[in-house]
Amino acid sequence: MTQRARIDTNGPEPRRPLIDAGAELDPVHPMKLPLSAIAPRGLTTAEVAERVARGEVNDVPVRSSRSTVDIIRANVFTRFNAIIGVLWVIMFFVAPIQDSLFGFVIIANTGIGIIQELRAKKTLDGLALIGEARPTVRRDGMAAEISTSEIVLGDLVELGPGDKVVVDGKVAEADSLEIDESLLTGEADPVVKQPGDQVMSGSFVVAGSGAFKATKVGREAYAAQLAEEASRFTLVHSELRSGISTILKYVTWMMIPTSIGLIISQLVVKNSNFKDSVARTVGGIVPMIPEGLVLLTSVAFAIGVIRLGRKQCLVQELPAIEGLARVDVVCLDKTGTLTEAGMDVAELRQLSGSDEAYIHKVLGALGESDPRPNASLQAIIDAYPDSKDWRCTESMPFSSARKYSGASFSEGNGESSTWLLGAPDVLLPAGDPALAEIDQLNEQGLRVLLLARAAGELDASAVTAGAEPTALVVLEQRLRPDASDTLRYFDDQNVAAKVISGDNAVSVSAVAGKLGLAGARNTVDARRLPTERAGMATALDANSVFGRVTPQQKRDMVGALQSHGHTVAMTGDGVNDVLALKDADIGVSMGSGSEATRAVAQIVLLNNSFATLPSVVAEGRRVIGNITRVATLFLTKTVYSVLLAILVVCSQVEYPFLPRHLTLLSTLTIGVPAFFLALAPNKERAKPHFVRRVMRYAIPAGVIAAAATFATYLLARSHYSGPGALDAETSAATLTLFLVSMWVLAIIARPYTWWRVCLVAAMGACFLIVLMVPWLQHFFALKLVGTTMPWGAVGIAASGAVLLEVAWRVVDRRFAA
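Reference entry: report on the structure contained in this document. These numbers come from a predicted model, not from an experiment.

Moving on, we come to the overall build of the protein chain. In terms of helices and strands, the protein chain carries 27 helices and 22 strands. Across the protein chain, every contact between residues at least 6 apart in sequence was considered, and the portion connecting residues at least 24 apart equals 72%. Total accessible area on the protein chain stands at roughly 33400 Å², and carbon and sulfur atoms take up 59% of it.

Quick look at the structure:
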């Protein structure tokens, strides 16, 4: 049997011939040759060109993010932008330009949001291109990797374990081909495919190999039709975004009656200057809108994507950053996550007096029999070259459900034999003497495969019965150098790590122990786990390492953990991890993993570094913690604006502020500080109940700010009289509101660092400059008259600050979120 081409997993596969010039047909078993020796040649270059000219190309774009048009539309055409736009137009006709500043602020905020999301889109699309599936297609008698978008109708596409079916088609060749269609049909059991059977895009290969002819490409393919119905941009549930949507819904309902009352009060009841009444009415409506909150959330997510992109981390769904920050249990697959994908043969131990040279031939032939070797078999291929006089007559590829592979051979001397290679504790009966020796090797963290000679035919239902143990293949796994630090990080952050592997439990425990996993000795063989969800969840909470886990069990374990209230992240790179990745709250795939795992994961580590996960967690915590902080600022403004409007309506007085005053206050106490606070480092663990956490602070803070401001305004109305009294009253009220809002900012900025102190001080200095510079006084219509009332305003603000501190402590103690 001649040596076949190997697949280089580190780069695109070179074009290789399908017909092996040295291959000879077996007159007895002509169909038992590898598929590449007798395969159809595929389309010709001319046929491909004809199909491209007819538009029969798989031209569906890879959508890892929203389109540019969607981003602009989402940032510009919002409910609040529409309200503010109308008010802005009105102000152009009734007031000086300084009362229209709020409109320019909205334009600036919207522009920043669009620019940051476009930068994030560029990062996402660039990374998605790196991680894009590149199927192998046969053309002109050659096989080569091409982009998914280059597939044309009628192309012959090769399949192997872990490959995703990228377009719809009909099976042309099948060698023990099993395809999982659970992502499309919901059925977890793999479907055995024979030539002539249909395959749908979005399914993936779990075992065997083959090829199919593309029958539907582009938007006609099944997966493309699903993609049209549901964009991948926001599939992950985001408590942050849904919480903000809830808040905005209630704000809208509060705004409508309050605004109507304010309009009637200022324009109908008060018989004052019409234009001034309009300006003050608009000044009362605009601050009710937390317009910057949604934009700032988008910017925070976008910058998070950019930061992670620089670390070769592809976030396929933006809210996944937030989701991973909330995770309290992370399930780790050992192979490819804690260990590197490659392995080395450390030792070969003969059993039952077998001949070493003969075993070498068997292992070489087994390696050659599988066109898509996994990491274990690749190590055997590297160590034992193929024997050219042996010919494979039948093969059974490795399956994670079976835990073994096998092949039948014609040995070249007239003899025939059937061999199995796989997990010793699956191939051997319990109590077999060889298992004791294997346990000792497993305890050293070594992986052991058993080579056994089958007594019957390979396609027999009980092929393992009576198998004769012949040799132990001892494999040494390569530990990831950064895995230990990453596990330590999760332990420090109170995130429980559960190692879930299909390997021997003792071996997995030894690897976990070497990496310093807390509770590595608490090891369970998954075959002894309770099948009911409650019992399984209890066992999962009590233990950290699980071996001999089947793909379906991985999925059940994720569900069991979720049933106990855990937020679960699942990492993996193999086909056997797909079901669990799909059901986990957050799925994390290695970039070198199978196409199927990358397709269902929300986060793909393109650099294959498990050490990137702490960065993702930290980024999520930064986003959630900081948005919670700044949301309190925005909603405090909304609360005090609504209350001030209600107090004005009930008291039948002029609204104290013009739009320019509240633009100045919003910029100095919310807009500028919120931008810096939203992007600051924040390692606080993410906590649930976003709406409750924000409103428990915003409501008392807004009530105190409104009460203090209105008290100052009423006091100033009794103190001042004559021409210019309203301007003096407005200036005193503005001073109180600014000082109280600054105290809210000072509380939100805690714990203090040098730059936070400088930020608060700078905002105070800017307001002081406005009060001191004559042209700024005129521009913002702010001029403190006398000393009695300004100092009275300061005194009321100081009382408000004391009440804020008391309220903050009461809320922390009695209304913990």
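On to the sheet that holds strand β19 (residues 545–547), then. Strand order in this open sheet of 8 strands is β9-β22-β21-β20-β10-β17-β19-β18, and the pairing throughout is mixed. Each edge of the sheet is formed by a strand with only one pairing partner; in this case those strands are β9 (313–315) and β18 (523–525). Across the sheet, the mean angle separating the axes of adjacent strands is 20° when strand polarity is ignored. Alignment of strand β10 (residues 329–332) against strand β20 (residues 568–572), held across 3 bridges, turns out to be parallel. Directly across from V329, in β20, lies its bridge partner V568.

Counted by the stated rule, this structure contains 10 aromatic pairs. Measuring from ring centre to ring centre gives 6.1 Å for Y655 and F657, while their planes differ by 75°; the resulting arrangement is edge-to-face.

All right, on to the pairing of strand β3 (residues 142–145) then. Relative to β3, strand β2 (residues 136–139) runs antiparallel, the two being bridged by 4 bridges. Bridge pairing in β3 places R138 opposite A143. What sits between the antiparallel neighbours β2 and β3 is a turn of 2 residues, in which D140 has the positive phi angle 55°.

With that settled, consider a nonpolar patch on the surface. Judged by side-chain polarity, V89, F92, F93, I97, F104 and I107 come together as a nonpolar surface patch covering roughly 620 Å² of accessible area. Every element with two or more residues in the nonpolar patch is listed here: α3 (79–94) and α4 (101–130). A total of 3 residues in the nonpolar patch trace back to one element, the largest contributor, which is α3. Its place among the elements puts F104 in helix α4. Of the residues examined, F104 reaches a relative accessible area of 39% and is grouped as partly exposed.

Before going further, it helps to spend a moment on the nonpolar core. F102, I627, V630, F690 and F767 are the most contacted members of the largest nonpolar core, which totals 88 residues. With 12 residues, helix α21 (residues 613–651) is the single largest residue contributor to this core. If we skip the residues at most four places from it in the chain, I627 touches L240, I244, L296, T297, A300 and F690. Formed by 34 residues, the second largest nonpolar core is a distinct cluster that contains L324, V327, L487 and A512.

By the secondary structure assignment, L248 is in helix α7 (residues 239–269). Spatially, the C-alpha atoms of L248 and F80 are 9.5 Å apart, while their sequence positions differ by 168 residues. Look past the residues within four positions of L248 in its chain and what remains in contact with it is R79, F80, P290 and V294.

Let us now look at the pattern of salt bridges. Side chains carrying opposite charge are able to pair once their charged atoms draw close together. Applying the stated rule across the entire model yields 18 salt bridges. Across the pair D425 and R548 runs a salt bridge whose closest N-O atoms are separated by 2.9 Å. Taken together, the residues span a long stretch of sequence, with D425 in helix α13 (residues 424–427) and R548 in the loop between β19 and α18 (551–563) at a distance of 123 residues. R717 is the partner of E654 in a salt bridge, and the nearest nitrogen-oxygen pair spans 3.1 Å. Here E654, found in the loop between α21 and α22 (659–678), pairs with R717, found in helix α23 (residues 690–719); they are 63 residues apart in sequence, far enough to count as distant. Taking the relative accessible area as the measure of exposure, E654 reaches 18% and is therefore buried. Each of D425, D525, R527, R528 and R548 takes part in one network of salt bridges that share partners.

What follows deals with helix α16 (residues 505–514). In terms of residue burial, α16 counts as a mostly covered element, since 7 of its 10 residues are buried. Taken residue by residue, α16 has A505, S507, V508, S509, A510, V511 and A512 as its buried positions. A positive backbone phi angle near 80° is found at G516, which sits one or two residues after α16.

Here is the key point about a regular strand: its side chains alternate between the two faces of the sheet. In terms of burial, β20 is a largely internal element, 5 of the 5 residues being buried. Burial along β20 is two-sided: V568, M570 and G572 facing one way and A569 and T571 facing the other are all buried. Note: β20 against strand β21 (residues 586–590), 4 bridges, orientation parallel. Bridging across to β21, T571 finds its partner in V588.

Taken N-terminus to C-terminus, the directions of helix α17 (residues 533–542) and α18 make an angle of 85°; their axes are 8 Å apart at the nearest point. On the basis of their axis angle, the class for α17 and α18 is roughly perpendicular. On α18, the residues that touch R533, M536, A537, L540 and D541 of α17 are D556, M557, G559, A560, L561 and S563. Partitioned by chemical class, the residues of the contact of α17 with α18 number 6 nonpolar, 2 polar and 3 charged.

This part is about the environment of A520. Within the secondary structure, A520 sits in the loop between α16 and β18. By relative accessible area, A520 is classed as buried at 7%. When neighbours within four sequence positions are excluded, A520 is seen to be in contact with S509, A512, G513 and V545.

It is the contact of helix α15 (residues 483–492) with α21, at a shortest axis distance of 10 Å, that shows an interaxial angle of 30°. Judged on the interaxial angle alone, α21 and α15 are roughly parallel. Here T486, Y489 and F490 of α15 lie close against α21, whose contacting residues are L613, P614, V617 and A618. Here the contact of α15 with α21 is built from residues that sort into 6 nonpolar, 1 polar and no charged.

A few words now on the side chain of T730. Mapping T730 onto the fold places it in helix α24 (residues 725–748). The class for T730 is buried, based on a relative accessible area of 1%. Reaching out from T730, the side chain makes a polar contact with the backbone oxygen of P656 at a distance of 2.6 Å.

Before going further, it helps to examine unusual backbone geometry. Residue P751 follows R750 across a cis peptide bond; omega there is -5°. Within the secondary structure layout, P751 lies in the loop between α24 and α25 (754–772). In this structure, S176 takes a positive phi of about 55° despite not being glycine. Take S176: it is sitting in strand β5 (residues 168–180). Although it is not a glycine, A781 adopts a positive phi angle of roughly 55°. Tracing the sequence through the fold places A781 in the loop between α26 (774–780) and α27 (788–814).

Parameters and conventions
Residues numbered from 1 in each chain as written. Predicted model: local features only at pLDDT ≥ 70, side-chain atom pairs only at ≥ 80, totals over all residues. Heavy atoms only, no water. Helix = DSSP H or I, 4+ residues; strand = E, 2+ residues; numbered from the N terminus. Contact = heavy atoms within 4.5 Å. Areas by Shrake-Rupley, 256 points an atom, 1.4 Å probe, with all protein chains shown as cover. Pairing = 2+ DSSP bridges. Axes fitted to C-alpha atoms, helices over the stretch in contact; angles between N-to-C directions. Phe/Tyr/Trp six-rings, centres within 6.5 Å; stacked < 30°, edge-to-face > 60°. Patch = residues over 30% accessible without salt bridge, like charges linked within 9 Å, V, L, I, M, F, W, Y side chains within 5 Å. Salt bridge = Lys/Arg side-chain N within 4 Å of Asp/Glu carboxyl O. Buried < 20%, exposed > 50% of the residue type's maximum accessible area, 1.4 Å probe, protein only. Core = buried A, V, L, I, M, F, W, Y, C linked by side-chain atoms within 4.5 Å. Parallel < 35°, antiparallel > 145°, perpendicular 65-115°, else oblique. Nonpolar A, V, L, I, M, F, W, Y, C, P; charged D, E, K, R; others polar. Polar contact = N/O pair within 3.5 Å; in protein donor to acceptor, adjacent residues only side chain to side chain.

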